[in-house]
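Understanding the architecture of this molecule
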Amino acid sequence: MLKPKDHHATSTQYRIKEVPSPALTGTALTACITLLESSRLARQSLLRLNNMNVLHNQNYSEPPSLLPIPSPHLVEIERQKAQRNPLKTSADFLEGEQSDVGGYIRKYQARITSPSEVAQSVLKHIRESNEEPESLQAVIAVDEEGLMREAMASSKRYEQGQPLSPLDGVPIAVKSEIFVHNVPSQAGTSFLKVPANHPEATVVSRLRKAGALIVGVTNMHEIGIGVTGANIHYGAARNPYDRKRITGGSSSGSAAAVAAGLVPVAIGTDGGGSIRIPSSLCGVVGLKPSFSRLSSYGLFPSSVSVCQAGPIARYAADCALAYQVMAGPDPLDGKTYAQPPASLRDLDRVEDLSDLTAGIYSPWFEHADPDIVAICNEFLLNLQKRGLKVVEIEIPELEEARVAHFITIVSEMFNFMKGHLPQHRADLAPTTRFALALASELTANDYLQAQKVRQKFMNQLDEIFKKVDLIVSPACATTAALIPGNASHRDTLDTVLMSRLMRFAQLFNLTGHPAISFPAGYTAQGLPVGIQFAAQWWAEADLLRVARVGDWLVERQRPEKFWSQ
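What counts as what
Residues numbered from 1 in each chain as written. Predicted model: local features only at pLDDT ≥ 70, side-chain atom pairs only at ≥ 80, totals over all residues. Heavy atoms only, no water. Pairing = 2+ DSSP bridges. Helix = DSSP H or I, 4+ residues; strand = E, 2+ residues; numbered from the N terminus. Axes fitted to C-alpha atoms, helices over the stretch in contact; angles between N-to-C directions. Core = buried A, V, L, I, M, F, W, Y, C linked by side-chain atoms within 4.5 Å. Buried < 20%, exposed > 50% of the residue type's maximum accessible area, 1.4 Å probe, protein only. Expected span 1.5 Å × (residues − 1). Contact = heavy atoms within 4.5 Å. Parallel < 35°, antiparallel > 145°, perpendicular 65-115°, else oblique. Nonpolar A, V, L, I, M, F, W, Y, C, P; charged D, E, K, R; others polar. Phe/Tyr/Trp six-rings, centres within 6.5 Å; stacked < 30°, edge-to-face > 60°. Salt bridge = Lys/Arg side-chain N within 4 Å of Asp/Glu carboxyl O. Disulfide = S-S within 2.5 Å.

1. Quick look at the sheet that holds strand β4 (residues 213-218)
Pairing within the open sheet is mixed, and its 11 strands lie in the order β2-β4-β3-β7-β9-β8-β14-β15-β12-β10-β11. Both edges of this open sheet fall to β2 (139-142) and β11 (389-392), since each of them pairs with a single strand only. Each strand of the sheet is rotated relative to its neighbour by a mean of 30 degrees, with strand direction disregarded. Pairing of strand β3 (residues 171-175) with β4 involves four bridges; the strand directions are parallel. Residue pairing for β4: valine 174 is matched across the bridge by valine 217.

2. Re the nonpolar core
Counting residues in each nonpolar core, the largest one holds 165 residues, and the members touching the most others are Trp364, Ile395, Ile471 and Phe533. A total of 10 residues in this core trace back to one element, the largest contributor, which is helix α13 (residues 398-417). By size, the runner-up hydrophobic cluster in this structure holds 12 residues, among which are Val227, Ile277, Ala480 and Ile483.

3. Examining the pairing of strand β7 (residues 265-270)
Judged by how many residues are buried, β7 sits mostly within the fold: six of six residues are covered. Because side chains alternate across β7, one face comprises the buried residues Val265, Ile267 and Thr269, and the other comprises Ala266, Gly268 and Asp270, equally buried. One ladder, built from three bridges, connects β3 with β7; its direction is parallel. Considered in β7, the bridge of valine 174 is made with isoleucine 267.

4. A few points about α13
When the terminal C-alpha atoms of α13 are compared, their 28 Å separation across 20 residues agrees well with the 28 Å that a helix rising 1.5 Å per residue should span. In terms of burial, α13 is a largely internal element, 17 of the 20 residues being buried.

5. Remarks on the environment of leucine 213
Locating leucine 213 in the fold gives a position in strand β4. According to the relative accessible area criterion, leucine 213 is buried, its value standing at 1%. Residues in contact with leucine 213, not counting those within four places in the same chain, are Pro115, Ala119, Leu147, Glu150, Ala151, Ser154, Gly169, Val170, Pro171 and Ile172.

6. A short note on the packing of helix α10 (residues 316-326) against helix α19 (residues 540-553)
In contact at an axis separation of 8 Å, α10 and α19 are set at 155 degrees when each is read in the N-to-C sense. Between α10 and α19, the angle is such that the two are roughly antiparallel. Residues Ala316, Ala317, Cys319, Ala320 and Tyr323 of α10 touch α19, and the partners they reach there are Glu540, Leu544, Ala547, Arg548 and Asp551. Of the residues contributing to the contact of α10 with α19, the split by class is seven nonpolar, no polar and three charged.

7. Structural notes on the packing of aromatic side chains
To describe a pair of aromatic rings, one takes the distance between the centres and the angle between the planes. Evaluated as defined, the whole model comprises 11 aromatic pairs. Centre to centre, the rings of phenylalanine 518 and phenylalanine 533 are 5.8 Å apart; their planes meet at 5 degrees, and the pair counts as stacked. Highlighted residues: phenylalanine 518 in strand β14 (residues 515-522) and phenylalanine 533 in strand β15 (residues 528-535), separated in sequence by 15 residues. For the pair phenylalanine 518 and phenylalanine 533, a shared accessibility class is recorded, and that class is buried.

8. Describing the pattern of salt bridges
Across all of its chains, the model carries 34 salt bridges by this definition. Its salt-bridge partner being glutamate 76, residue arginine 79 comes within 3.6 Å of it at the nearest N-O pair. In this pair, arginine 79 and glutamate 76 both sit in helix α3 (residues 73-84), three residues apart, roughly one turn of the helix. Owing to a relative accessible area of 30%, arginine 79 belongs among the partly exposed residues under this scheme.

9. Notes on unusual backbone geometry
With omega at 10 degrees, the peptide bond leading from glycine 249 into serine 250 counts as cis. Tracing the backbone shows serine 250 in the loop between β6 (242-246) and α8 (252-259). Phi at glutamine 137 takes a positive value of approximately 55 degrees, unusual for a residue other than glycine. On the secondary structure map, glutamine 137 appears in the loop between α5 (115-131) and β2.

10. A short note on the side chain of serine 280
In this fold, serine 280 is placed in helix α9 (residues 276-282). A relative accessible area of 4% places serine 280 in the buried class.

11. Side note on the state of the cysteines
Per the counting criterion, the structure on display carries zero disulfides. Not part of a disulfide, cysteine 319 finds its nearest cysteine sulfur in cysteine 282, a span of 14 Å. Cysteine 376 provides the cysteine sulfur closest to cysteine 476, a residue in no disulfide bond, and the two sulfurs are 9.9 Å apart. Its relative accessible area of 1% is what places cysteine 476 among the buried residues.

What follows is the structure in C-alpha cells.
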C-alpha cells in the first residue's frame, strides 16, 4: 500500500512556474490595465515574466492538433468494456441515501410532494438566497412562468404513473454561457446576447425531454476567463460554506446553487477547470467529460478547443444520471459522432476497486497546501483499502502544458471577443481586459506551437493510460479564498491564486481527457477539499464509479444555510 510518506518529490523534471505577484484592485488595477492596453512593451514583458515565451524556440516533432481528437481504437476499447459490463438503467443507481434525485422520485411517487410544489419552493428559495445581506448570487435569472408550466405537466405525469425518466420533475439550473429558452444567457457580461430565435442548447433540450425542470441560469465569471467567480455586473457568487469566500469559477453559480441545496443538479462548462474548481471549493461533484462527449451546440463559442459542458451535483449517482441524459452524438455538432455509448458500467461496484490502478505523480500531487495534501492522501489510503492500486508515474514538462493551455484558451477567447471590444471594452471587468490585452499580443506561431504541445501531451497520456486507469491529484492547490474586502462587485487581479486554483485542471482541458472533482474531506475550518481523478478518453464511467465510492467514504457536511426542497 502506497503510504503518504512515499509521495515526496524525487524527480528533477517537475516545475510549474508561479510568479510572485501582489493582488491588484481599485486604482492600482485600473492603472495596470491602462498600461497594458496602451503599451506593447508592457504586454510583451508581462508575457515573458510569466514564461509565455517558453515554447518559442522549441522544435516539436508533433504536428499541431487544433482540436483534441483521440485515437479511433479508444472508441472500440470503451465499447468492449461496456459490453463486458452491461449497462444498467440510471434508476438502478438511485436507491439508498446517496442521491438527491432519488429522494425527489420517492417523494413524487409517494405523493408527499409534487413537481409543482417543488418548483414553487425553488423559486422562493432563490429569492431568499439573493435577498440576504450576504447574498448567494448563485441563480441570476429565472423563467417563472415556463418553470411552473413544465412543473404542472410533470405533476400530471406522476399522477398518471408515467414519468418520462428519473429526471422528470427534478429542478436543474444552467450556467449563463449556455443558451436557455426565455432566459437571458449572457456569459456573465452585461451585453452579450443569444442570437434572436436561436434554438436552445442541445444539453438543455435533452434535459427538458427527460422531464427536468429548467429553473434558470446561474452566475459565472465574465466570459469564463477567470476562476474565482467574481463578477462586477451580477456580484460575486458566494461560497455556501463561508459567505465571505469565493466559490471558484467560472461555473461559480452552478456549484454554489447545488452546494446550497437550491437545486440537486446544475450544468456548467469547463475550459480550464471551470467545473472542477468550483466543485472542489464548494464541496460537490463536478464532471468534465471527454472533449466532444456532450454537444457544444448552443454554447457561446468562446474557447472552442478546450471547453466542455458537464454536470455538477452533490452526489455522483445524480451527476451520472445527468451526464448520461446529455451525452451522445448530436447532428448539430459534428465533433460528437466519434464516440462509444455513454456507459455507466460498473457504477454499482463500489466495494471492490481491485480492477483499477491510479497513477500519482508525487511532485505534482504535493504542490498544494499541506492540509489539502494530507486530506487527499488519507482519502487515497481509504480507496486502497477497497483494492485500488496506486503506482508512481511521471508527467514531464507540465510547465509546457500550462503555457500551451493559457495560450490556447486566451487566444480563442480574444478571437471570440475582438468584434465586441471597440464598442464594449469599457463594459468589461478589468481582469477580463487584462487577459484579453495579453492575448492580443500572442501570435499565430504561439498558437500553433501550443497545438503541437497539445499533441505531445496527448501522446504522452496515451502511454500513461496503457499502464494505469486513472491519474489522481488534488483538485485545487488551495481552498476557497476570502473575497477581497468582502466586496461582491469588486474585481481583483490575483494571478498567484489563479495559478493555485488551476494547477491540476489545465492539462486535461488541453488534451481533452475526462476528469472529475469530488469531496475528499474538509479542513479544520470546515472548508471543502476536492480530489481530482482523470481517465482515458470516454472512460467517464470509471471516474463516476470512484466518485460514488467517495460519496460513501466522506460524510458530507452541509453548509450552515441549506435549502432543502
